[in-house]
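# Descriptive analysis of the structure
Listed here are the chains, written in short residue letters.
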Amino acid sequence: MGRKSTKENKNIYHISREEANLSREAAAEQMEFISSDRIEKIENETSVPHPDEILAMAQCYKNPSLCNYYCSHECPIGQEYVPEVIAKDLSVITLEMLSTLNTLSREKDRLIDIAADGQITDDEIPDFLEIKDHLEKMSLSIESLKLWVEQTIASGKIDKEMLKKNRAS
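Rules of the game
- Residues numbered from 1 in each chain as written.
- Predicted model: local features only at pLDDT ≥ 70, side-chain atom pairs only at ≥ 80, totals over all residues.
- Heavy atoms only, no water.
- 1 Å grid on protein atoms, 1.4 Å probe; cavity = no way out; pocket = protein on both sides within 12 Å on 5 of 7 lines; lining within 4 Å.
- Points joined across faces, edges and corners; volume = space filled by probe spheres on them.
- Nonpolar A, V, L, I, M, F, W, Y, C, P; charged D, E, K, R; others polar.
- Axes fitted to C-alpha atoms, helices over the stretch in contact; angles between N-to-C directions.
- Helix = DSSP H or I, 4+ residues; strand = E, 2+ residues; numbered from the N terminus.
- Parallel < 35°, antiparallel > 145°, perpendicular 65-115°, else oblique.
- Contact = heavy atoms within 4.5 Å.
- Buried < 20%, exposed > 50% of the residue type's maximum accessible area, 1.4 Å probe, protein only.
- Polar contact = N/O pair within 3.5 Å; in protein donor to acceptor, adjacent residues only side chain to side chain.

### Remarks on the layout of surface pockets
As a volume, the largest pocket reaches approximately 720 Å³. For the largest pocket, the lining is made up of 27 residues, of which Ala 58, Pro 64, Glu 150, Ala 154 and Lys 160 are closest to its centre. For the lining of the largest pocket, the per-class residue count stands at 16 nonpolar, four polar and seven charged.

### Regarding the packing of helix α1 (residues 12–19) against helix α5 (residues 65–73)
The N-to-C vectors of α1 and α5 enclose an angle of 175 degrees; their axes lie 11 Å apart at closest approach. One element, α1, and the other, α5, form an angle in the roughly antiparallel class. Judged by residue contacts, Ile 12, Tyr 13 and Ser 16 of α1 engage Leu 66, Tyr 69 and Tyr 70 from α5. A class-by-class count of the residues in the contact of α1 with α5 yields five nonpolar, one polar and no charged.

### Thoughts on unusual backbone geometry
Positive phi values are uncommon outside glycine, yet Asn 9 reaches one of about 55 degrees. Structurally, the position occupied by Asn 9 is in the segment before α1. One non-glycine residue with positive phi stands out, namely Glu 32, at about 65 degrees. Structurally, the position occupied by Glu 32 is in the loop between α2 (24–31) and α3 (36–43).

### As for the environment of Glu 136
Inspection of the secondary structure puts Glu 136 in helix α8 (residues 125–154). Overall, the relative accessible area of 40% leaves Glu 136 in the partly exposed class. Distance in space between the C-alpha atoms of Glu 136 and Glu 8 is 35 Å, their sequence separation being 128 residues.

### Let's talk about α1
Taken together, the buried positions of α1 are occupied by Tyr 13, His 14, Ser 16, Arg 17 and Glu 18. Tucked into the core, α1 has its buried residues touching α2, α3, α4 (51–60) and α5. Its side-chain oxygen 3.2 Å from the backbone nitrogen of Tyr 13, Asn 11 forms the N-cap of α1. Immediately downstream of α1, the backbone of Asn 21 shows phi near 60 degrees, a positive value.

Here's what the structure looks like:
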């Protein structure tokens, strides 16, 4: 690889390419359909990347979090519906999940009471919103776990084929 850029305020695509120890030319060669000029425009933010380019960069740079970043920050639909998922250690994800599960377990009966009549009354709204927030936290923990698995596969620490084989069983 050539020398690293001294540019300040590099975007995530630039940082990811450099962390993969790839020059623009080498990355373009691996991705085949994205030229080094196009990579430069994306990194310098003079051109907006397309979803297929993000998928290719995520695979080439072994950084699946680029997909979530793109969806949560750059895609108009994703900005509305896709939360940003932060990469975390497995132990942190597990503890967050268990904590949220414990909370939801305690709130389960209240949710049943709220939902029993098919309506949410004014006095039930605060409890319902709190439960909804905890469910969203659980959803984020699940997405963090999925991202952790994808990153672990990309780094070669988990065999993707073995994972598929065991999923099918």
